[in-house]
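Architecture and fold: a report
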Amino acid sequence: MRQRNDPRLRSDAQRNRERILEVALTELSRAADTPLSAIAKKAGVGQGTFYRNFPNRETLVLELYRHGVQQIAETASVLLETMEPDHALRAWMDHLARFAMTKAGLAEAIRQALSTGKAAKPGHAPVTDAAGLLLRACEDAGTIRPGVTPDDFMLAIAGLWQLSPHDDWQPQATRLLDIVMDGLRAGAPGHRGLSDGSGRL
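**Looking at the overall build of the protein chain**
When its secondary structure is counted, the protein chain shows nine helices and zero strands. Across the protein chain, helices and strands are ordered from the amino to the carboxyl terminus as α-α-α-α-α-α-α-α-α. Taken over 201 residues, the protein chain has a buried fraction of 40%. Nonlocal contacts in the protein chain, meaning residues at least 24 apart in sequence, comprise 64% of its contacts between residues at least 6 apart. Counting every atom, the protein chain has about 11,100 Å² of accessible surface; 51% of that belongs to carbon and sulfur.

Shown next, in the form of structure tokens:
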């Protein structure tokens with residue numbers, strides 16, 4: 001019998017949790033009132049396992065939002081390790097667009113979770129901090145105009161949150177983000193031209 005501190009047990013528990021979140025994201029985006037029992041069944045976990053991780057609907061929905069925020073924040077540093085700063089920023093913007101569509105798909109589930117008044121909506125500070133990290137790296141490299149703040153950036157891309165996840169949002173999001181990226185590059189000390197629509201010069 002495995003002990004509670006067995007690494008294999010912790011690994012199994014983590015996989016169960018991630019699987020629940022994965023299924024919940026899909027199902028709650030389709031229908032905010034999807035029964036938790038249906039989510040547990042599709043995730044392949046028992047009711048006990050499900051409720052140990054997420055004792056109620058509010059906990060599950062808000063963890064989905066928090067998990068998404070954390071993932072998008074962590075992606076920024078990963079991209080900076082493998083790409084030039086301005087290319088990393090443009091690639092991260094695509095990740096942010098997908099997060100925006102996920103959030104929009106969960107909007108009704110989030111609204112219901114917050115309507116009880118028992119929980120507060122998780123903040124988005126990690127996303128703003130990640131934007132700041134990328135902007136500083138780009139400014140240090142001379143690939144964007146100096147002085148752009150994270151708040152400036154978030155306002156510039158605010159149009160993402162006006163797109164519908166139920167439409168063909170990707171072409172419009174790409175155009176919007178290319179325009180923002182071209183604007184950031186214009187006037188940069190090391191400016192070499194406009195993007196080709198893929199984040200490359």
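**Here we look at the pattern of salt bridges**
If you walk through the whole model with that rule in mind, you get ten salt bridges. The residue Asp-94 makes a salt bridge to Arg-90 at a minimum N-O spacing of 2.8 Å. Within this pair, Asp-94 and its partner Arg-90 are both found in helix α5 (residues 85-105), separated by four residues, close to a single helical turn. Classification of Arg-90 by relative accessible area gives buried; the value is 2%. Among the ionic pairs, Asp-178 bridges to Arg-90, the shortest N-O distance being 3.0 Å. Separated by 88 residues along the polypeptide, Asp-178 in helix α9 (residues 169-185) and Arg-90 in helix α5 bring together distant segments of the chain. Taken together, the salt bridges that share partners define one network made up of Arg-17, Glu-63 and Arg-66.

**Looking at the environment of Asp-151**
In this fold, Asp-151 is placed in helix α8 (residues 150-156). Along the primary structure Asp-151 and Gly-132 are separated by 19 residues, whereas in three dimensions their C-alpha atoms are 8.8 Å apart.

**Things to note about the nonpolar core**
Ranked by size, the top nonpolar core spans 55 residues in total, and within it Leu-28, Phe-50, Leu-60, Leu-89, Trp-92, Phe-153 and Ile-157 carry the most contacts. If one sorts the elements of this core by residue count, α5 sits on top with ten residues. If we ignore the near neighbours within four places in the chain, the residues touching Trp-92 are Ile-72, Thr-75, Ala-76, Leu-79, Val-127, Ala-130, Ala-131, Leu-134 and Phe-153.

**Remarks on the confidence of the model for the protein chain**
Across the protein chain, the average pLDDT comes to 86, with 87% of residues at or above 70. Predicted confidence for residues 193-201 stays below pLDDT 50, and this span has 19 contacts to residues more than four positions away or in other chains.

**Structural notes on helix α4 (residues 57-82)**
Every α-helix carries 3.6 residues per turn, so stepping three or four residues along brings you back to the same face. The end-to-end C-alpha distance of α4 is 38 Å, a good match for the 38 Å that 26 residues give at a rise of 1.5 Å each. Near the N-terminus of α4, the side chain that reaches the backbone nitrogen of Glu-58, with its oxygen 3.2 Å away, is that of Asn-56.

**Remarks on the packing of aromatic side chains**
For any pair of aromatic rings, the description rests on two quantities: the centre-to-centre distance and the angle between the ring planes. The tally for this structure, following the rule as stated, stands at four aromatic pairs. A centroid spacing of 6.1 Å and a plane angle of 50° characterise the contact between Tyr-65 and Phe-99, whose relative ring orientation is tilted. Taken together, the residues span a long stretch of sequence, with Tyr-65 in helix α4 and Phe-99 in helix α5 at a distance of 34 residues. As far as burial versus exposure is concerned, Tyr-65 and Phe-99 are alike and both buried. Considering the side-chain rings of Trp-92 and Phe-153, the 6.2 Å spacing of their centres and the 35° angle between planes classify their relative orientation as tilted. One end of the pair, Trp-92, is in helix α5; the other, Phe-153, is in helix α8, and 61 residues separate them in sequence.

Conventions used here
- Think of each chain on its own: its residues are numbered from 1, step by step along the sequence as written.
- Owing to the predicted nature of the model, reporting of local features is limited to residues with pLDDT of at least 70; listing and counting of side-chain atom pairs is limited to 80 or more, with chain, interface and lining totals taken over all residues.
- With hydrogens and water stripped out, all remaining heavy atoms of the structure feed into the side-chain values.
- By the criteria applied, helices consist of DSSP H or I runs no shorter than four residues and strands consist of E runs no shorter than two, each listed in order from the N terminus.
- The rule is simple: take the accessible area with a 1.4 Å probe, protein chains only, and divide by the maximum for that residue type; under 20% is buried, over 50% is exposed, in between is partly exposed.
- In this analysis, two residues are considered to be in contact whenever any of their non-hydrogen atoms come within 4.5 Å of each other.
- Values of accessible area rely on a 1.4 Å probe in the Shrake-Rupley scheme; residue burial ignores everything except the protein chains shown.
- When a carboxyl oxygen of Asp or Glu lies within 4 Å of a side-chain nitrogen of Lys or Arg, that pair is called a salt bridge.
- Here, nonpolar core means buried Ala, Val, Leu, Ile, Met, Phe, Trp, Tyr and Cys residues that are tied together by side-chain atoms lying within 4.5 Å of each other.
- Per-residue confidence from the predictor is reported as pLDDT, a score between 0 and 100.
- By this rule, a helix spans an expected 1.5 Å times one less than how many residues it contains.
- For the purposes of these results, a polar contact is taken to be a pair of N or O atoms within 3.5 Å, where, inside protein, one atom must be able to donate a hydrogen and its partner to accept one; residues adjacent in sequence count only when each atom of the pair is a side-chain atom.
- Two rings belonging to Phe, Tyr or Trp (six-membered ring only in the last case) form a pair when the distance between their centres is within 6.5 Å. Interplanar angles under 30 degrees mark stacking, angles over 60 mark edge-to-face geometry, and anything in between is tilted.

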